[in-house]
Amino acid sequence: MTESDALDRPDRDDRTRARRDGRQLPADDIRARVQQVAVRQQRFERHLAESLGVDRAGLDAMDHLITTGPATPSELARRVEVSTAAMTLVLNRLESAGHVRRERHPSDGRKLIVTAEQASADRAYEQVLPMIDGIEHLVDGMDETERAVVQGFLDRLIAVYDDATP
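Residue positions within a chain follow its written sequence, with the count starting from 1. Owing to the predicted nature of the model, reporting of local features is limited to residues with pLDDT of at least 70; listing and counting of side-chain atom pairs is limited to 80 or more, with chain, interface and lining totals taken over all residues. Water and hydrogen atoms play no part in the side-chain values, which are based on all heavy atoms of the structure.

This paragraph deals with the nonpolar core. The definition of a nonpolar core used throughout is a set of buried Ala, Val, Leu, Ile, Met, Phe, Trp, Tyr and Cys residues joined through side-chain atoms within 4.5 Å. Relative accessibility thresholds used throughout: buried, under 20% of the residue-type maximum; exposed, over 50%; partly exposed, between the two (1.4 Å probe, protein chains only). One finds Leu52, Val54, Leu65, Leu76, Met87 and Leu94 to be the most contacted residues of the largest nonpolar core, which totals 23 residues. Those elements that place two or more of their residues in this core are α3 (30-52), α4 (56-68), α5 (73-80), α6 (84-96), β2 (112-116) and α7 (118-140). Here a helix means four or more residues in a row that DSSP labels H or I, a strand means two or more in a row labelled E, and each is numbered from the N terminus. Examining the composition of this core, we find that 5 residues originate from one element, α4, more than from any other. By definition in these notes, contact holds between two residues if any of their heavy atoms fall within 4.5 Å. Every residue in contact with Leu52, bar those within four places of it in the chain, is listed here: Leu59, Met62, His99, Arg123 and Ala124.

Here's what the structure looks like:
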């Protein structure tokens, strides 16, 4: 399939409209459902950021701190893929809002260590928990064959994203 063929797919416009207006998706349209998962993930992340009073970079930094633990500002900048100067601004906003604290590194006083405040981590977890529980419930309800099919599809989907991302 050429690039022109991919852009001229007859169902592309219909799927794009369905994505925007929320109309019922065709029963056999897996592509549209994958797209809807991505749209809903983005919507959830915007909701989470708004409820915590942070921007996207702040949410990414908090996610890293909550899931992997304390980090230096440089480590966070690499993880969030922003400059160290931009990360300083992100951390200033997060610290002012009470989401993180910066302390001297215990073994190298020249460095800072950033830690998520427990109260903020708890608030974020409370927001995410219903989604985690819902996904766990879905997975628990699958039989072995369903799990194998879904896992195989998701593994291949992840590979497609990895191949498309430099």
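A few words now on the environment of Val34. In this structure, Val34 sits in helix α3. With 120 residues separating them along the chain, Val34 and Leu154 place their C-alpha atoms 10.0 Å apart.

In this model, Glu81 sits at a positive phi of 65°, which is unusual for a non-glycine residue. The exposure class assigned to Glu81 is exposed, which follows from its relative accessible area of 72%.

Inspection of the secondary structure puts Met131 in helix α7. On the basis of relative accessibility, which here comes to 30%, the residue Met131 falls in the partly exposed class. In this structure the C-alpha to C-alpha distance between Met131 and Phe44, which are 87 residues apart in sequence, comes to 9.5 Å.

For this analysis, a salt bridge means a side-chain nitrogen from Lys or Arg found within 4 Å of a carboxyl oxygen belonging to Asp or Glu. Here the structure, examined in full by the defined rule, presents 8 salt bridges. Note that Glu95 is salt-bridged to Arg102, the shortest N-O span being 2.8 Å. The partly exposed category is assigned to Glu95, whose relative accessible area is 33%. Arg102 gets classed as partly exposed once you look at its relative accessible area, which sits at 23%.

The subject of this paragraph is the packing of α3 against α7. Only the contacting stretch of a helix is used when fitting its axis, a line to C-alpha atoms as for every element, and angles between N-to-C directions run 0 to 180 degrees. It is at 10 Å that the axes of α3 and α7 come closest, and there the two elements cross at 155°. One finds that α3 runs roughly antiparallel with respect to α7. Judged by the sense of rotation from one axis to the other, the crossing of α3 with α7 is right-handed. Two secondary-structure elements touch here, α3 through Phe44, His47, Leu48, Ser51 and Leu52 and α7 through Arg123, Ala124, Gln127, Val128 and Met131. Looking at the contact of α3 with α7 residue by residue, the classes come out as 6 nonpolar, 3 polar and 1 charged. Any angle between 65 and 115 degrees counts as roughly perpendicular, while under 35 counts as roughly parallel, over 145 as roughly antiparallel, and the rest as oblique. Crossing handedness: left-handed means the near helix sits turned counterclockwise from the far one by under a right angle, and right-handed means the same turn made clockwise. Polarity classes work like this: nonpolar for Ala, Val, Leu, Ile, Met, Phe, Trp, Tyr, Cys and Pro, charged for Asp, Glu, Lys and Arg, and polar for all others, with Gly in that last group.

This part takes up the pairing of β2. Residues in a regular strand project their side chains so that they alternate between the two faces of the sheet. Judged by how many residues are buried, β2 sits mostly within the fold: 4 of 5 residues are covered. Here, strands pair whenever DSSP counts at least two bridges between them. Looking at chain direction, strand β1 (residues 100-104) and β2 are connected through 5 bridges and run antiparallel. Each bridged residue has a counterpart across the sheet, and for Glu103 the counterpart in β2 is Ile113.

Looking at the element boundaries, Ala116 is found in strand β2. Look at Ala116 and you get buried, because its relative accessible area is 14%. Expressed as a C-alpha distance, the spacing of Ala116 and His99, which sit 17 residues apart in the sequence, is 6.0 Å. In contact with Ala116, not counting residues within four places along its chain, are Leu65, Ile66, His99, Val100 and Arg101.

In short, the description is geometric, and any link to function would need to be established separately.
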